[in-house]
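Spelled out, the chains give:
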Protein chains: 2
Amino acid sequence: MSLNGAANGTENIAQTKPNPYGPHPSDFLSNVSSFQLIESTLREGEQFANAFFDTAKKIEIAKALDEFGVDYIELTSPAASEQSRKDCEAIAKLGLKAKILTHIRCHMDDARIAVETGVDGVDVVIGTSQFLRQYSHGKDMTYVAKSAVEVIEYVKSHGIEIRFSSEDSFRSDLVDLLNIYRTVNDIGVNRVGIADTVGCANPRQVYELVRTLKSVVSCDIECHFHNDTGCAVANAYTALEAGAKLIDVSVLGIGERNGITPLGALMARMIAADRDYVLSKYNLKKLRDLEILVAEAVQVNIPFNNPITGFCAFTHKAGIHAKAILANPSTYEILKPEDFGLTRYIHFANRLTGWNAIKSRVDQLNLDLTDTQVKEVTQKIKALGDIRALNIDDVDSIIRDYHAKVSTPRQAPVASENSEIPETLEQPEAKRQKN
Amino acid sequence: MSLNGAANGTENIAQTKPNPYGPHPSDFLSNVSSFQLIESTLREGEQFANAFFDTAKKIEIAKALDEFGVDYIELTSPAASEQSRKDCEAIAKLGLKAKILTHIRCHMDDARIAVETGVDGVDVVIGTSQFLRQYSHGKDMTYVAKSAVEVIEYVKSHGIEIRFSSEDSFRSDLVDLLNIYRTVNDIGVNRVGIADTVGCANPRQVYELVRTLKSVVSCDIECHFHNDTGCAVANAYTALEAGAKLIDVSVLGIGERNGITPLGALMARMIAADRDYVLSKYNLKKLRDLEILVAEAVQVNIPFNNPITGFCAFTHKAGIHAKAILANPSTYEILKPEDFGLTRYIHFANRLTGWNAIKSRVDQLNLDLTDTQVKEVTQKIKALGDIRALNIDDVDSIIRDYHAKVSTPRQAPVASENSEIPETLEQPEAKRQKN
């Protein structure tokens, strides 16, 4: 178990207590430090409005997911279309480390096609809420159980993994749910799935349902959360706390409507909880390229506020933030940009800047100003920042002008050196290290 | 209390049980149905990397927030820069319904400037975690308490609201926190704030801290959640369940790094929990324009997967989804697009489409096909969808071609009518209503 919550060179603080964002001590069933990913960009993601993946693109994405290290790759049902079936076969033959799954309706027609594709497992789903029973398939729970048992035994007889999931689980009758989960557990499914199909669940509901289910089944529990109300990442985390083992994700969360738990955001959540486990399993430095690959394939921009890879995820602006970040990045960062192959940025060219950020810039420019002088030039920068948006050149010009003025009259040798080679930033190493 | 979880014309289901996404019966302290918003686009949002708001833009945004119906508008500290001070004064003079707050460091210099601006209240913040005490202000808790009391009493003496917030609350010592909150509660602050400054908190931590604090203070509790690990919406909701009253939000969540709880996403969460309350207080039909206003001001795109206003938030694609949505939108929607002045879209032009979606399109085109014929033309559409991305015109052409072929030999009058006026979709009203 890591003490990563307080990493970044602050071991003196970190070692005094365990990671406060780690697994909760009271959650003895928690899988926060042993979770697995079912990556569904090629199934749920194909249901995203903009998605059309041809075979070559599917293979490229599958390989990239495998390099990232996902545990399972889930594919569109081979019953959806003839090409979908061929793509299942092609990806199952790639020999990836990740296990290949396909997702089918709870129907023998689909099951027969699925087991012939060569996949490692089949994810079966059927609607169990009154809404879906009434308006989708029109069947009662006895029928649901009967067809589930038939499909599960058929898939198991082919020696591959089988998952049974309800659909719209959070609007299903609890007793109905527990009954069918117990039935399929008893006949030996590898895992059962809970699905928040409409994105309505909240974290404490999730915790309660998973904990309850955990007392009914012995198999693993998988969870699938839609993001309509913005809780898909938190629900996934809370499900793991309650004892779920596997989370469905997709790259950038693409899926029906506004999608499901995004892979990247869940990585952010999990690395805050157990950095060692996440780093040992997943190749986080591939995250950005993976997101770019999928974003280009479905013609969207990576959201400006995307966790980890959003353009400003590691940008610090306010003066008091910049001051502390310069002293110790952990003060305002729970994530380490270097874990993802990214870098931190202190945004000092604005009216909210503070003298610590400007002092750091003065040092980067290898100029020599006292703290009082830095505070004075900071006021000049803030005054211009009040009038218009600033860029780095604006700030550097103000600093250089100020430096030239204050250093000319009283430090003739320095001034003349500056005036002779005004553009150079070369300084003796000793000087640079002083700061 | 609404039964909105199952709205959209399914009262037969909805009335059998209370809204399962409503306030949890065991949460007797819950403010899920009585929460308030502190809108911080003009404070936290100004700390977003791209933000530079001139006075006119600030006023435009403040007025738009007021029309939306936010309870409070929080502004950048008047101590940040001279223009920031003038902008506080200008917005305080607008006579908006929303109360105007400004946000200051816990320092008498800032407090003196703030009370002169004419704002309705002051939000004071100071770092309480060991990280911030060590690397930001360098003060101990005795100093923090002493300066808090001085600033609070000074602001109160001017007859305006005062909030005291810790910063980085989830990395602060619990006893330190409770001590200072009790102290400031006893001298009469209007509210105390909890801030997840680095975005590390998870929902069950939030619930525990808010519940604990609720037993220590009698004033209102405000919460501020950063979104670094994707939990800012869920944390806000869980805080309200635990008894917090006010949530800090910004439009699109803009703020330091990747920002805080987004206004729109929180509205999605809250309307699922208590639609009547949300509709009674907030003008949701203004949400989209508000987001566009701010997105343009800070030069970002609205994220493709933004709750509610993302371009595909109400787009349904997979065949089984489309079938049920056509029968009853509540099957796959927890939000009603019409609440936000938006519309639903069934995406039928793709290989995952089903015959119910195509049947609906055939009806929209006022063509007459049997179910067997619709299933046959659906296979043709899926076959082309396997080869390339489809658009609506592709699907319509396939349907029209098919319709022409099947109707020509046996229904001469219809065929000739079609061939004479192929572009018109006019049909007798009786025909249209039949479907």
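The rules we used
Residues numbered from 1 in each chain as written. Chains lettered and ligands numbered in written order. Predicted model: local features only at pLDDT ≥ 70, side-chain atom pairs only at ≥ 80, totals over all residues. Heavy atoms only, no water. UniProt positions renumbered as here; feature names shortened; annotations may be inferred. Axes fitted to C-alpha atoms, helices over the stretch in contact; angles between N-to-C directions. Helix = DSSP H or I, 4+ residues; strand = E, 2+ residues; numbered from the N terminus. Parallel < 35°, antiparallel > 145°, perpendicular 65-115°, else oblique. Left-handed = near helix turned anticlockwise from the far one by under 90°. Contact = heavy atoms within 4.5 Å. Nonpolar A, V, L, I, M, F, W, Y, C, P; charged D, E, K, R; others polar. Pairing = 2+ DSSP bridges. Buried area = accessible area lost by both parts, 1.4 Å probe. Salt bridge = Lys/Arg side-chain N within 4 Å of Asp/Glu carboxyl O. Phe/Tyr/Trp six-rings, centres within 6.5 Å; stacked < 30°, edge-to-face > 60°. Buried < 20%, exposed > 50% of the residue type's maximum accessible area, 1.4 Å probe, protein only. Lys NZ or Arg CZ within 6 Å of the ring centre and 35° of its normal. Least-squares fit on C-alpha atoms with pLDDT ≥ 70 in both.

- Looking up chain A in an unreviewed UniProt entry gives the name homocitrate synthase, with the organism given as Tortispora caseinolytica NRRL Y-17796.
- If you open the UniProt record of chain A and go to Pathway (unreviewed entry), you find "Amino-acid biosynthesis; L-lysine biosynthesis via AAA pathway; L-alpha-aminoadipate from 2-oxoglutarate: step 1/5."
- The record in UniProt for chain A states the following under Catalytic activity (unreviewed entry): "acetyl-CoA + 2-oxoglutarate + H2O = (2R)-homocitrate + CoA + H(+)".

## Focus: the packing of helix 6 (residues 141–157) of chain B against helix 7 (residues 174–186) of chain B
Residues and elements named next belong to chain B.
In step 1: Here helix 6 crosses helix 7 at 20 degrees, and the two axes come no closer than 10 Å. By the angle between their directions, the pair helix 6 and helix 7 is classed as roughly parallel. Classified by chirality, the crossing of helix 7 by helix 6 is right-handed. For the pair formed by helix 6 and helix 7, the contact residues are Met-141, Val-144, Ala-145, Ala-148, Val-149 and Ile-152 on the first element and Asp-176, Ile-180, Thr-183 and Val-184 on the second.
In step 2: When grouped by side-chain class, the residues that make up the contact of helix 6 with helix 7 number 8 nonpolar, 1 polar and 1 charged.

## Points about the sheet that holds strand 3 (residues 99–105) of chain B
Residues and elements named next belong to chain B.
In step 1: Read once around its circumference, the closed barrel built from 8 strands follows the order 1-2-3-4-5-6-7-8, with strand pairing classed as parallel. In this sheet, neighbouring strand axes are inclined to one another by 25 degrees on average, regardless of whether the strands run parallel or antiparallel.
In step 2: Pairing analysis gives 2 bridges linking strand 1 (residues 36–39) to strand 2 (residues 72–75), with the strands arranged parallel. Paired with Ile-38 across the two strands is Tyr-72, which belongs to strand 2.
In step 3: Relative to strand 5 (residues 161–167), helix 7 is tilted by about 175 degrees, and along the sheet it contacts strand 5 and strand 6 (191–196).

## Structural notes on the interface of chain B and chain A
In step 1: Residue-level contacts link 104 residues of chain B with 104 residues of chain A.
In step 2: Carbon and sulfur atoms make up 56% of the surface buried where chain B meets chain A, a total of about 8600 Å² over both sides.
In step 3: When the area that chain B buries against chain A is broken down by residue, the three leading residues are B:Tyr135, B:Arg204 and B:Arg257, summing to 9%.
In step 4: Summed over the shared surface of chain B and chain A, the result is 6 salt bridges.

## A word on the UniProt feature "domain: Pyruvate carboxyltransferase" (unreviewed entry) in chain A
In step 1: Summarizing the sequence annotation, UniProt attributes the feature "domain: Pyruvate carboxyltransferase" (unreviewed entry) to residues 35–288 of chain A in the numbering used throughout.
In step 2: Counted over residues 35–288 of chain A, helix gives 44% and strand 18%. Its end C-alpha atoms are 22 Å apart.

## With respect to the environment of B:Gly95
In step 1: Positionally, B:Gly95 belongs in the loop between helix 3 (82–92) and strand 3.
In step 2: Along the primary structure B:Gly95 and B:Asn391 are separated by 296 residues, whereas in three dimensions their C-alpha atoms are 50 Å apart.

## Here's the deal with the packing of aromatic side chains
Describing an aromatic ring pair means giving the distance of the ring centres and the angle of the ring planes.
In step 1: All told, the structure shown has 14 aromatic pairs over all chains when counted by the stated rule.
In step 2: Ring geometry for B:Phe35 and B:Tyr277: centres 5.3 Å apart, planes at 65 degrees, overall edge-to-face. Placement of the pair is B:Phe35 in the loop between helix 1 (11–14) and strand 1 and B:Tyr277 in helix 11 (residues 275–281), with a sequence separation of 242 residues.
In step 3: With relative accessibility at 0%, the residue B:Phe35 sits in the buried group.
In step 4: The class for B:Tyr277 is buried, based on a relative accessible area of 16%.
In step 5: Linked through ring pairs, A:Phe35, A:Phe68, A:Tyr277 and A:Tyr282 together constitute an aromatic cluster.
In step 6: Seen from the ring of B:Tyr207, A:Arg204 lies directly overhead, with NZ or CZ sitting 3.8 Å from the centre.
In step 7: Here the guanidinium or amino end of B:Arg191 rests over the ring plane of B:Tyr72, the centre of that ring lying 4.8 Å away.

## A look at the relation of the copies chain B and chain A
In step 1: Between chain B and chain A, which share one sequence, the superposing operator has a rotation angle of 180 degrees and an axial displacement of 0.1 Å; the RMSD is 0.1 Å. Seen this way, the second copy is the image of the first under a two-fold rotation axis. Considering only C-alpha atoms, the residue of chain B closest to the rotation axis is B:Pro303, which sits at 2.3 Å.
In step 2: When the interface residues of chain B are mapped onto chain A, 99% of them again lie at the interface, so the same face is used by both copies.

## Description of the packing of helix 4 (residues 108–115) of chain B against helix 6 of chain B
Residues and elements named next belong to chain B.
In step 1: The interhelical angle for the contact between helix 4 and helix 6, taken along N-to-C directions, is 15 degrees, at an axis separation of 10 Å. Considering the angle they form, helix 4 stands roughly parallel to helix 6. The way helix 4 lies across helix 6 gives a crossing that is right-handed. Taking contact as the criterion, the partners of Met-108, Ala-111, Arg-112 and Val-115 in helix 4 are, on helix 6, Glu-150, Val-151, Tyr-154 and Val-155.
In step 2: Residue composition of the contact of helix 4 with helix 6, grouped by class: 6 nonpolar, no polar and 2 charged.

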